[in-house]
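# Coordinate inspection notes
As a plain string of letters, each chain reads:
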Amino acid sequence: MSEIIVLEAEARDRAGKGAARATRRAGRIPAVLYGDKKEPVMLSLDPKLFGRQLHKPGFFSHLFDLNIDGTKHRALPRDVQLHPVTDEPLHVDFVRVTAHTKTHVNVPVHFENHLASPGLKRGGVLNVVRHDIELSVSADSIPERIDVDLTGLEIGDSVHISAIKLPAGAHPVIADRDFTIATIAAPTVKTDETAAEGEAAAV
Amino acid sequence: MLSPKRTKYRKAFKGRIHGLAKGGTALNFGAYGMKAVEPGRVTARQIEAARRAISRHIRRVGRVWIRIFPDVPVSSKPAEVRMGSGKGTPEFWIARVKPGRIMFELDGVPVDTAREAFTLAAAKLPISVRFVQRLGEEA
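Each chain has its residues counted from 1, running along the sequence as written. Here every chain gets a letter starting at A, and every ligand a number starting at 1, in the order they are written. Where totals are concerned, whole chains, interfaces and linings use all residues; where local detail is concerned, this predicted model gives features only for residues with pLDDT of at least 70, and gives and counts side-chain atom pairs only at 80 or more. Processing note: side-chain calculations cover all non-hydrogen atoms of the structure and skip hydrogens and water entirely.

## Description of the nonpolar core
Operational definition: The criterion is simple. A nonpolar core is a set of buried Ala, Val, Leu, Ile, Met, Phe, Trp, Tyr and Cys residues joined through side-chain atoms within 4.5 Å. Categorising residues by exposure relies on relative accessible area from a 1.4 Å probe, with only protein chains included: less than 20% of the type maximum marks a residue as buried, more than 50% marks it as exposed, and the intermediate range marks it as partly exposed. Comment: elements are numbered from the N terminus, with helices defined as DSSP H or I runs of at least four residues and strands as E runs of at least two. What fixes the domain bounds is an automatic or database domain assignment. Pairs of residues are marked as contacts when any of their non-hydrogen atoms sit within 4.5 Å.
Counting 29 residues, the largest nonpolar core has F111, L126, I133, I164 and I181 of chain A as its most contacted members. Of all the secondary-structure elements, those providing two or more residues to this core are β7 (102–112), β8 (125–128), β9 (132–138), β10 (146–149) and β13 (180–185) of chain A. With four residues, β7 of chain A is the single largest residue contributor to this core. There are two domains that each give this core at least three residues, and those are domain 1 (4–97) and domain 2 (103–185) of chain A. In this structure I181 of chain A touches V109, F111, N127, V128, V129, R130, I133, V159, H160, I161 and I164 of chain A, once residues within four positions along its chain are discounted. Among the nonpolar cores identified, the runner-up in size contains 24 residues, and V42, I54, F118 and A121 of chain B belong to it.

Below is the structure:
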């Protein structure tokens, strides 16, 4: 299970873009906490503290204890809006969860044993089809990451979800097909370049 | 070089590039990307030069994705021709790039190699760019 992160937040009273912009002008990040059939609460976060968590692996699969003016609320980050150019967080959505809430979470995939794959040793490329997998899981047992073992994989081989051992109680949201997580592809760059050079020589 | 297979109209207005990119601002394929931080017109030749710079640097490993496409024809008049007599003939193709647009993506290489490859590629482009990484994978 992933660790629970405590994050300080302040309540703000007004909703809407004017209030959100005012919060940003004050040097904080506007956020909202909703769900669990309760009234939504408007928040503001400290950009430094939040940025530190945002850039850690598996941000969306970590539970947060939001400390709003002294009261703690357990929540999962649902969405982060980023500035298109600077990638600074503009707004954050949190959804309330309890220990037994069944939720959909994107859990990051971690690949291991690259050197034990003959395909990668021969110059193959690990083509990651899914960097994270959406799991249906109860909030108190969200896995930190999903480990994919690359041992013995040749060029042309692929890793499907059926080959992954998921933690107890976790199911992939895509249940109707055995979807691909990664493939070992032949190096495309070399053929690409020779083709381009051939084209240049022909001109 | 990249160019459209067929177009509805042969010639386009010059246009102006206003605002920030509305889509294509996040990494969709690779682990690393090159993001435009200013607006500009990137020619098919410049895209190809940048792609080659990346592929040469990463050698046989890795994979490159090009996230922009030059679909705007640019026309010009021949030398020593008097003004008038209509618009010139289409000479080359450009992509209009807005700030925030991911132009290239790269995967399957270490972060230092990717950074260096994008620095070399950026030298082929007419706009300033920024190196970006997938959220949660920054060192």
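Following the structure, the description resumes.
## Focus on the domain arrangement of chain A
Residue and element names in this part refer to chain A. Worth spelling out the cut-off: Once two parts are joined, some of their accessible surface, as seen by a 1.4 Å probe, is lost; buried area is that loss totalled over both. What counts as a salt bridge is simple: a side-chain nitrogen of Lys or Arg found within 4 Å of a carboxyl oxygen of Asp or Glu. Whenever two N or O atoms come within 3.5 Å, that pair is a polar contact, provided that in protein one can donate a hydrogen and the other can accept it, and provided that, for residues adjacent in sequence, both atoms are side-chain atoms. When residues are sorted by character, Ala, Val, Leu, Ile, Met, Phe, Trp, Tyr, Cys and Pro go into the nonpolar class, Asp, Glu, Lys and Arg into the charged class, and all the rest, Gly among them, into the polar class.
We note that the domain assignment places domain 1 (4–97) and domain 2 (103–185) within chain A. Distance from the C-alpha centre of domain 1 to the C-alpha centre of domain 2: 29 Å. Taken residue by residue, the interface counts eight residues in domain 1 and ten residues in domain 2. Approximately 610 Å² of surface area, both sides summed, lies buried where domain 1 meets domain 2, with 59% of it carried by carbon and sulfur atoms. Connecting domain 1 to domain 2 are zero salt bridges. Linking domain 1 to domain 2 there are three residue pairs in polar contact (both at pLDDT 80 or more). Partitioned by chemical class, the residues of the side of domain 1 that touches domain 2 number four nonpolar, three polar and one charged.

## Description of the packing of aromatic side chains
Applied cut-off: In this scheme Phe, Tyr and Trp rings, the latter by its six-membered ring, pair at centre separations within 6.5 Å, and the angle between planes marks the pair as stacked below 30 degrees, edge-to-face above 60, and tilted otherwise. Placement of a charge over a ring requires the Lys NZ or Arg CZ to be within 6 Å of the ring centre, with the centre-to-atom vector within 35 degrees of the ring normal.
A full pass over the atoms with the stated rule returns seven aromatic pairs over all chains. Ring plane angle 65° and centroid distance 5.5 Å describe the contact between F59 of chain A and F64 of chain A, whose orientation is recorded as edge-to-face. Using a relative accessible area of 4% as the deciding quantity, one classes F59 of chain A as buried. When the centroid spacing of 5.9 Å and the interplanar angle of 20° are considered together, the rings of Y32 of chain B and F131 of chain B count as stacked. Of this pair, Y32 of chain B sits in strand β1 (residues 32–36) while F131 of chain B sits in strand β7 (residues 129–133), placing them 99 residues apart in sequence. Of the two residues examined, Y32 of chain B and F131 of chain B, each falls in the buried class. Clustering of aromatic rings is evident, with ring pairs tying together F50, F59, F60, F64 and F94 of chain A. A cation over an aromatic ring shows up here: R130 of chain A above the ring of F179 of chain A, its NZ or CZ 4.7 Å from the ring centre.

## Focus on the sheet that holds strand β2 (residues 29–35) of chain A
Residues and elements named next belong to chain A. Keep this limit in mind: Strands pair, by our definition, only if DSSP identifies at least two bridges between them. Each axis is a line fitted through C-alpha atoms, taken for helices only over the stretch in contact, and angles between the N-to-C directions span 0 to 180 degrees.
Taken together, the six strands give a closed barrel; going around it, the order is β1-β3-β2-β6-β5-β4, and neighbouring strands pair in mixed fashion. Averaged over all neighbouring strand pairs, the angle between strand axes comes to 45°, with direction disregarded. Pairing of strand β4 (residues 63–68) with strand β5 (residues 71–82), which is carried by five bridges, proceeds in the antiparallel orientation. Counted as the bridge partner of N67 is K72 from β5. Contacting β2, β3 (38–45) and β6 (89–96), helix α1 (residues 17–25) runs over the sheet at an angle of about 130° to β2.

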